[in-house]
Amino acid sequence: MSISLSTLKTLCVAIALLFVLAQPTAAQLSFKPTADAVHEDQLLKALKEGDKITGRITIPDPMASSLIQPAGKDWRDFQRHQLPIIGGVAIIGMLALLGIFLMIRGRIRVEHGFSGVKILRFASFERFTHWLTASCFIILALSGLNISFGRVLILPVFGPEAFSTLTSWGKIAHNYLAFPFMLGLVIMFLIWIKDNIPGKVDLQWVKQGGGILNNGKHPPAKRFNAGQKGIFWIVIIGGALMSLSGWFLLFPYIPANVTALQFWTVIHAVIAMLFIAAMLAHIYIGSVGMEGAFDAMGTGEVDLNWAKEHHSLWVEEEQTKGRAPDTGSPRAMPAE
């Protein structure tokens, strides 16, 4: 029996067509999970927290030997889910509370009006240290928030190119401004620690709400009242934790352990959110919330009436040392 040329061609085309159509099925069969692959997920679940699968390396970086590190999944989930909740509650919640407080209480005014007599509250070096630390903190806070939330909040609005440029410059600023920020913390601690040791007078200040909740009630206070002392220790302790954790992030080879590095990133992020929320309250009181308060770090001099209302014991000390005028009871500046 002979086969014609045309029949042979048709048969070849049919075989080729069947071969092509059979490829997906063959591919699927070739990637059918094996017994080992089926149990891989069970293996990962069996690994205890902190356990990891490592390999052999030829470079002097022990962290590069990690092939599988189950704790990384928990760290990633925290960054994507828990951290936004913590940041939202802390920062947005603080802004909401300050807004409500301003609507209910209003701005804290100088009860007897401005006297026109000034008293030096902070010297030039003290103000320089404050603004050095504060300006670095603001840039560090904004660039850090961009790292945590910029992909969700900024990227959709400004686009990938602008977001990429902003993030790149923000990262550089974040890395380098960390050092003057830490320097400012050290100087602040050294020059103000003596005035921020808690005492009995601070307990009375707290019991009376610091004169903030009620008009006309101003509990006695020294150079720093209990609220300001609280801010001081928040800055020192929070700043120290931010500096320590940030140091490990700047130099990740120091921990020499991926799990430890992830731990410090969590500490850095959580403390940052709480730190920012506390500083929002500090900024509010020092600007919009209290009349005459900004002058303390603006010009360094405050009105004598303001000082007597909020820091009466400190004014008495300054008058005893001859560094403040003794004008008797607070008086308002005469109208022009």
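All of these numbers come straight from a predicted model, not from anything done at the bench. Starting from 1, residues in each chain are numbered consecutively following that chain's sequence as written. Confidence filtering applies because this is a predicted model: local features only for residues at pLDDT of at least 70, side-chain atom pairs given and counted only at 80 or more, and all residues used for totals across whole chains, interfaces and linings. Just so you know, side-chain values use all the structure's heavy atoms and leave hydrogens and water out.

1. With respect to the overall build of the protein chain
Numbering goes from the N terminus for both helices and strands, where a helix is a DSSP run of H or I of at least four residues and a strand is a run of E of at least two. Along its length, the protein chain carries twelve helices and four strands. The buried share of the protein chain, reckoned over its 336 residues, is 33%. A separation threshold of at least 6 residues defines the contact pool for the protein chain, and within that pool the share at least 24 residues apart is 75%. Using the Shrake-Rupley algorithm and a 1.4 Å probe, accessible areas are obtained, with residue cover drawn only from the displayed protein chains. Accessible area of the protein chain: about 21000 Å², with a carbon and sulfur share of 69%. Classification of residues uses two cut-offs on accessible area relative to the type maximum, computed with a 1.4 Å probe and protein chains only: under 20% is buried, over 50% is exposed, and between them is partly exposed. In this analysis, two residues are considered to be in contact whenever any of their non-hydrogen atoms come within 4.5 Å of each other.

2. Re helix α4 (residues 71–105)
A helix's residues, less one, multiplied by 1.5 Å, set its expected span. Taking 1.5 Å as the rise per residue, α4 with 35 residues should run 51 Å; its terminal C-alpha atoms sit 47 Å apart, in good agreement. Consider a residue and the seven residues that end there alongside the seven that start there; fitting an axis to each set, the bend is the angle between those axes. Along α4, the helix axis deviates most sharply at Phe78, where the bend reaches about 45°. Lining the buried residues of α4 we find α5 (124–153) and α9 (258–289). Immediately downstream of α4, the backbone of Gly106 shows phi near 80°, a positive value.

3. Side note on the pattern of salt bridges
When a carboxyl oxygen of Asp or Glu lies within 4 Å of a side-chain nitrogen of Lys or Arg, that pair is called a salt bridge. Under the defined criterion, the tally for this structure stands at six salt bridges. Asp195 serves as the salt-bridge partner of Lys194, at 3.8 Å between the closest nitrogen and oxygen. In this structure, Glu318 engages Arg323 in a salt bridge whose closest nitrogen and oxygen atoms are separated by 3.1 Å. A network of salt bridges, in which partner residues are shared, links Glu126, Lys194, Asp195 and Arg223.

4. Focus: the side chain of Ser243
Positionally, Ser243 belongs in helix α8 (residues 226–250). Classification of Ser243 by relative accessible area gives buried; the value is 14%. Setting aside residues no more than four positions away along its own chain, Ser243 makes contact with Phe181, Met182 and Leu185.

5. What about the confidence of the model for the protein chain?
In the predicted model, the protein chain carries a mean pLDDT of 83, and the fraction of residues at 70 or more is 77%. Within a predicted model, pLDDT stands for the predictor's per-residue confidence, ranging from 0 to 100. Per-element averaging of pLDDT across the protein chain places helix α1 (residues 5–30) at the bottom with 50 and strand β4 (residues 301–303) at the top with 96. A low-confidence stretch, residues 18–32 stays under pLDDT 50, and its non-local contacts, those more than four residues away or across chains, total zero contacts.

6. Comments concerning the side chain of Thr265
Structurally, Thr265 can be placed in helix α9. A distance of 2.6 Å separates polar atoms of two side chains, one belonging to Thr265 and the other to Trp75. Residues contacting Thr265, with those up to four places away along its chain left out, are Trp75, Gln79 and Leu249. Polar contacts here mean pairs of N or O atoms no more than 3.5 Å apart (in protein, one a potential hydrogen donor and the other a potential acceptor; neighbouring residues in sequence count only if both atoms are side-chain atoms).

7. A word on the environment of His310
Tracing the sequence through the fold places His310 in helix α11 (residues 304–310). Here the alpha-carbon distance between His310 and Lys217, two residues 93 residues apart in the chain, equals 9.7 Å.

8. Structural notes on a nonpolar patch on the surface
A patch consists of residues whose relative accessible area exceeds 30% and which take part in no salt bridge; residues with like charges are grouped when within 9 Å of each other, and nonpolar side chains (Val, Leu, Ile, Met, Phe, Trp, Tyr) when within 5 Å. On the surface, Phe179, Trp247, Tyr253 and Ile254 cluster together into a nonpolar patch covering about 430 Å² of accessible area. Residue position: Ile254 is located in the loop between α8 and α9. By relative accessible area, which is 39% here, Ile254 ends up partly exposed.

9. A few points about the packing of aromatic side chains
Centre distance within 6.5 Å is the pairing criterion for rings of Phe, Tyr and Trp, where only the six-membered ring of Trp is used; planes under 30 degrees apart are then read as stacked, over 60 as edge-to-face, and the remainder as tilted. Enumeration according to the criterion identifies twelve aromatic pairs in this entry. Residues Phe137 and Phe275 carry aromatic rings whose centres are separated by 5.0 Å and whose planes lie at 50° to one another, so their mutual orientation is tilted. Of this pair, Phe137 sits in helix α5 while Phe275 sits in helix α9, placing them 138 residues apart in sequence. What links up through ring pairs into an aromatic cluster is the set Phe122, Trp192 and Phe224. By the criterion adopted, a ring carries a charge over it if an Arg CZ or a Lys NZ lies within 6 Å of its centre and within 35 degrees of its normal. Positioned above the aromatic ring of Phe224 is the side chain of Arg121, whose terminal nitrogen or guanidinium carbon lies 5.8 Å from the ring centre.

10. A short note on the packing of α4 against α9
Direction vectors running N to C along α4 and α9 enclose 10°, while the axes themselves pass 10 Å from each other. What the angle tells us is that α4 and α9 run roughly parallel. Note on residue classes: Ala, Val, Leu, Ile, Met, Phe, Trp, Tyr, Cys and Pro are nonpolar, Asp, Glu, Lys and Arg are charged, and everything else, Gly too, is polar. Considered class by class, the residues forming the contact of α4 with α9 number 23 nonpolar, five polar and no charged. Only the stretch in contact is used when fitting a helix axis, every axis being a line fitted to C-alpha atoms; angles between N-to-C directions are given from 0 to 180 degrees. Oblique is the label for every angle not falling under 35 degrees (roughly parallel), over 145 degrees (roughly antiparallel), or within 65 to 115 degrees (roughly perpendicular).

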